[in-house]
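Chain by chain, the residues run as shown.
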Amino acid sequence: DGYRFNRGFTSPSFITNSKNKKAELENVIVIVVGDKITSVDDLFEFMERTKSFVLNEDWSKPYLLICEDIEEKASNLLIYNKLKGNLKIAIVKGPGMNLDRRDLLLDIAKMTNAQIIGKEYGLDFKEATQEVYGFAMNAEIDKDQTTLFGHAGKDLESLKKHIEDVTFQYEQMN
């Protein structure tokens, strides 16, 4: 019943349920980034600038950061803030490879009503507003896969059209 893709968390530090070894996030804010994150400075500035729109004063809503890749230093800083209780977050690398990854990131963005941040998409963190956030009711992430439940796509008709377009493209390739 959810949207599942074959990429899990980038670190076991994101586990919230040690019994089933999953990161379980409720009412999650989804940020989709089509580039490699090399520094968290712009990400933190963006989150601080937009927090009043979607977050409680105590930063209680969790984030799911889906990105092409992330530098170890940047990842470690986010993990540190998560472990200190300053930020609820899980990081997942985007699914697929090369052109396939682009299409799958577009699918995720469509399903969550997010916009993709990245050079190829003409949007960076400095220009981004709260409009780029996507949402899901729940996210379950283990070491191998991520499942989004209750995603917030704009409307059923636009999702159906997107599925038809992707299906047509796939059929044309085969």
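Residues numbered from 1 in each chain as written. Predicted model: local features only at pLDDT ≥ 70, side-chain atom pairs only at ≥ 80, totals over all residues. Heavy atoms only, no water.

This next bit is on the packing of aromatic side chains. Here the structure, examined in full by the defined rule, presents four aromatic pairs. With a centroid separation of 6.3 Å and an interplanar angle of 50°, the aromatic rings of Tyr-3 and Phe-5 are classed as tilted. Here the two residues Tyr-3 and Phe-5 agree in accessibility, since each one is buried. A centroid spacing of 6.2 Å and a plane angle of 45° characterise the contact between Tyr-63 and Tyr-133, whose relative ring orientation is tilted. Taken together, the residues Tyr-63 in strand E3 (residues 63–70) and Tyr-133 in the loop between strand E5 (116–117) and strand E6 (134–141) connect sequence positions 70 residues apart. By relative accessible area, Tyr-133 is classed as buried at 2%. Aromatic ring contacts, followed pair by pair, group Phe-46, Tyr-63, Phe-125 and Tyr-133 into a single cluster. (Phe/Tyr/Trp six-rings, centres within 6.5 Å; stacked < 30°, edge-to-face > 60°. Buried < 20%, exposed > 50% of the residue type's maximum accessible area, 1.4 Å probe, protein only. Helix = DSSP H or I, 4+ residues; strand = E, 2+ residues; numbered from the N terminus.)

Bringing unusual backbone geometry into the picture now. A positive phi angle, close to 55°, is found at Lys-21, a residue other than glycine. Mapping Lys-21 onto the fold places it in the loop between strand E1 (3–5) and strand E2 (23–37). A relative accessible area of 56% means that Lys-21 is categorised as exposed. Its identity as a non-glycine residue notwithstanding, Asn-27 has a phi of 50°, on the positive side. Inspection of the secondary structure assignment puts Asn-27 in strand E2. According to the relative accessible area criterion, Asn-27 is partly exposed, its value standing at 40%.

A full pass over the atoms with the stated rule returns five salt bridges. Residue Glu-71 is joined to Lys-36 by a salt bridge in which the shortest nitrogen-to-oxygen separation is 3.4 Å. Of this pair, Glu-71 sits in the loop between E3 and helix H2 (72–83) while Lys-36 sits in strand E2, and the two are 35 residues apart along the sequence. For Glu-71, a relative accessible area of 31% puts it in the partly exposed group. For Asp-69, the salt bridge goes to Lys-93, with nearest N and O atoms at 3.2 Å. (Salt bridge = Lys/Arg side-chain N within 4 Å of Asp/Glu carboxyl O.)

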